[in-house]
Number of protein chains: 2
Amino acid sequence: MINYPNKIKQETKKTPTKLNISSNRGMLLENIINISNDYYLNNNIAVIYKKPTPLKILKTTKESHYQVIEKAIFLAPSTTDYNGIYKGKYLDFDAKETNSTTSFPLGNVHINQIVHLQRIAEHGGFAFLIIFFKAYNEIYLVDQSLIQEQIKKGIKSIPYLLIKQTCPLIEQGFLIQADYLKAVDKKYFNLH
Amino acid sequence: MINYPNKIKQETKKTPTKLNISSNRGMLLENIINISNDYYLNNNIAVIYKKPTPLKILKTTKESHYQVIEKAIFLAPSTTDYNGIYKGKYLDFDAKETNSTTSFPLGNVHINQIVHLQRIAEHGGFAFLIIFFKAYNEIYLVDQSLIQEQIKKGIKSIPYLLIKQTCPLIEQGFLIQADYLKAVDKKYFNLH
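Residues numbered from 1 in each chain as written. Chains lettered and ligands numbered in written order. Predicted model: local features only at pLDDT ≥ 70, side-chain atom pairs only at ≥ 80, totals over all residues. Heavy atoms only, no water.

*Asks:* Looking at this structure, how should I read the sheet that holds strand β4 (residues 82-86) of chain B?
*Replies:* Backbone-to-backbone hydrogen bonds pair the strands of a sheet. The strands run either parallel or antiparallel. All names here are of chain B. In spatial order, the strands read β1-β4-β5-β7-β8; together these five strands make up an open sheet with mixed pairing. Looking at the sheet topology across the chains shown, the edges are occupied by β1 (46-50) and β8 (138-143). Averaged over neighbouring strand pairs, the angle between their axes works out to 25 degrees when direction is ignored. With respect to the sheet, helix α2 (residues 111-122) is in contact with β5 (89-98) and β7 (126-133), its orientation differing from that of β5 by roughly 150 degrees. (Pairing = 2+ DSSP bridges. Helix = DSSP H or I, 4+ residues; strand = E, 2+ residues; numbered from the N terminus. Axes fitted to C-alpha atoms, helices over the stretch in contact; angles between N-to-C directions. Contact = heavy atoms within 4.5 Å.)

*Asks:* How do you make sense of the side chain of Q113(B) when you look at a structure like this?
*Replies:* Structurally, Q113(B) is set in helix α2. Excluding anything up to four places from it in sequence, Q113(B) contacts P77(B), T79(B), T80(B), D94(B) and K96(B).

*Asks:* When you look at the packing of aromatic side chains in this model, what are you seeing that I'm missing?
*Replies:* Two numbers describe a pair of aromatic rings. These are the distance of the centres and the angle of the planes. Residues and elements named next belong to chain A. Applying the stated criterion across every chain yields a total of 27 aromatic pairs over all chains. Ring centres of Y40 and Y180 lie 5.3 Å apart, and the angle between their planes is 85 degrees; this geometry places the pair in the edge-to-face category. Here the residue Y40 occupies a position in helix α1 (residues 27-42), and Y180 occupies one in helix α5 (residues 180-188), the gap between them amounting to 140 residues. Overall, the relative accessible area of 0% leaves Y180 in the buried class. Taking the centre distance of 4.9 Å and the plane angle of 70 degrees together, the rings of F133 and Y160 count as edge-to-face. Here F133, found in strand β7 (residues 126-133), pairs with Y160, found in helix α4 (residues 160-166); they are 27 residues apart in sequence, far enough to count as distant. A connected cluster of aromatic rings, assembled from ring pairs, spans Y39, Y40, Y82, Y86, F93, F126, F128, Y180, Y188 and F189. Taking NZ or CZ as reference, K87 lies 5.0 Å from the ring centre of F189, over its face. (Phe/Tyr/Trp six-rings, centres within 6.5 Å; stacked < 30°, edge-to-face > 60°. Buried < 20%, exposed > 50% of the residue type's maximum accessible area, 1.4 Å probe, protein only. Lys NZ or Arg CZ within 6 Å of the ring centre and 35° of its normal.)

*Asks:* Help me out: how do you make sense of the sheet that holds strand β3 (residues 66-74) of chain B in this one?
*Replies:* As summarised here, the arrangement of the four strands in space is β2(A)-β3(A)-β3(B)-β2(B), forming an open sheet in which the pairing is antiparallel. Of all the strands in the sheet, just β2 (55-63) of chain A together with β2 (55-63) of chain B have a single pairing partner and so form its edges. The average angle at which neighbouring strand axes cross in this sheet is 25 degrees, direction not considered. Pairing between β2(A) and strand β3 (residues 66-74) of chain A: eight bridges, direction antiparallel. Among the inter-strand pairings, K59(A) is bridged to a residue of β3(A), identified as K71(A).

*Asks:* Would you mind showing me how to read the pairing of strand β5 (residues 89-98) of chain A here?
*Replies:* It is a general feature of regular strands that their side chains alternate between the two faces of the sheet. All names here are of chain A. For β5, a buried count of nine out of 10 residues is recorded, marking the element as mostly surrounded by other parts of the structure. The sheet contact formed by strand β4 (residues 82-86) and β5 spans five bridges and is antiparallel. Bridge pairing in β5 links N83 to D92. Here β4 hands over to β5 after two residues, with K87 in that stretch at a positive phi of 50 degrees. Relative to β7, β5 runs parallel, the two being bridged by eight bridges. Across the sheet, the residue bridging to E97 is F132, located in β7.

*Asks:* It is not clear to me how the side chain of N83(A) should be interpreted in this structure. Could you clarify?
*Replies:* Residue placement: N83(A) occurs in strand β4. With a relative accessible area of 4%, N83(A) lands in the buried category. At 3.0 Å, the side chain of N83(A) forms a polar contact with the side chain of Y90(A). Among all residues touching N83(A), those that are not within four sequence positions of it are V47(A), I48(A), Y49(A), K51(A), Y90(A), L91(A), D92(A) and N83(B). (Polar contact = N/O pair within 3.5 Å; in protein donor to acceptor, adjacent residues only side chain to side chain.)

*Asks:* I tried to follow the pairing of β8(B) on my own but got confused; where do I start?
*Replies:* Residues and elements named next belong to chain B. Burial runs high along β8: six of the six residues are buried. Here β8 shows two buried faces, one formed by E138, Y140 and V142 and the other by I139, L141 and D143. Across six bridges, the pairing between β7 and β8 is antiparallel. Bridge pairing in β8 links F128 to D143. The antiparallel hairpin formed by β7 and β8 contains four residues in its connecting segment, where N137 sits at a positive phi of about 55 degrees.

*Asks:* Mind showing me how you'd approach the environment of K182(B) here?
*Replies:* Residues and elements named next belong to chain B. As for its placement among the helices and strands, K182 is situated in helix α5 (residues 180-189). Classification of K182 as exposed rests on a relative accessible area of 51%. Sequence-wise, K182 and I170 are 12 residues apart; in three dimensions their C-alpha atoms are separated by 7.3 Å.

Below is the structure:
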């Protein structure tokens, strides 16, 4: 096998952002999407991965000839968690959960992610959020344009009813819990 | 600002691969490409990022309400280091350096990366390596098909002369050190 180069000096230049201790918000949906991605990959449908969590490595040590990280901190995301290719098109998205019954608060999305999604759309990619309304047990594909429209209006959330009326619902599949590429087909490929 | 969810449990399921201590092989080229990517982003030419280094977090602690990683190890890559969008197309690549004057040894590329690049090409993306021959101070864009051809022949390297004769040279730009998207234009968009 291959000897990897020492990656310690590959730290990104991002400024560290401290993370609050909070519940594992987002974990359930992420697990569901990761399983969907495994299914898509194994069945040659799409190649979509979750990016590794961005960290800043502060201290390393050697343990029997291998580098071990002794101190690192979480960084603010500069992009979204997921990207990949489907039917020759570039896909880019993040997965978000909310307990709200009335709207999705845009405070859940880092400004870097909002800017990133807009850029991706401008360059011809499909850029969206996958939003899980836990109170309704419904997951929607929300195109980034809807975020931009709300921001232009000065509104810091997207009403649940607006999402329900205008965004494709992600249906449970027989083989996967959230077959979100079917929603991509509806939204971007006009397939029903 | 946003309170991030606690990301400790977002660890990937990859099995850890121990890393050898070795020189910072690959660092120079990576820095050059990261600077190119910043330039492409800031000038609205393309959106291409280096993925964070994949790590497995083993132990965390709290420091004044923030999560700090106390132990983590490096993981084998399941994909390449770079991906993004350019002219509406999905790009996926890795950056490699070699001191060899005769060939690029395929042992420098993890098997996961070779499989990944082939998948990307099958799904309609542009998948390649950017290879820096340090002895000649030359950087080439090498499409993944050339790797597959060598592997089919049972050859575990790509001869320098084959690369020189068939792959676009990445030229130094006035504004950026390695204007690799010009080589992408040549190779995939037939622009000269």
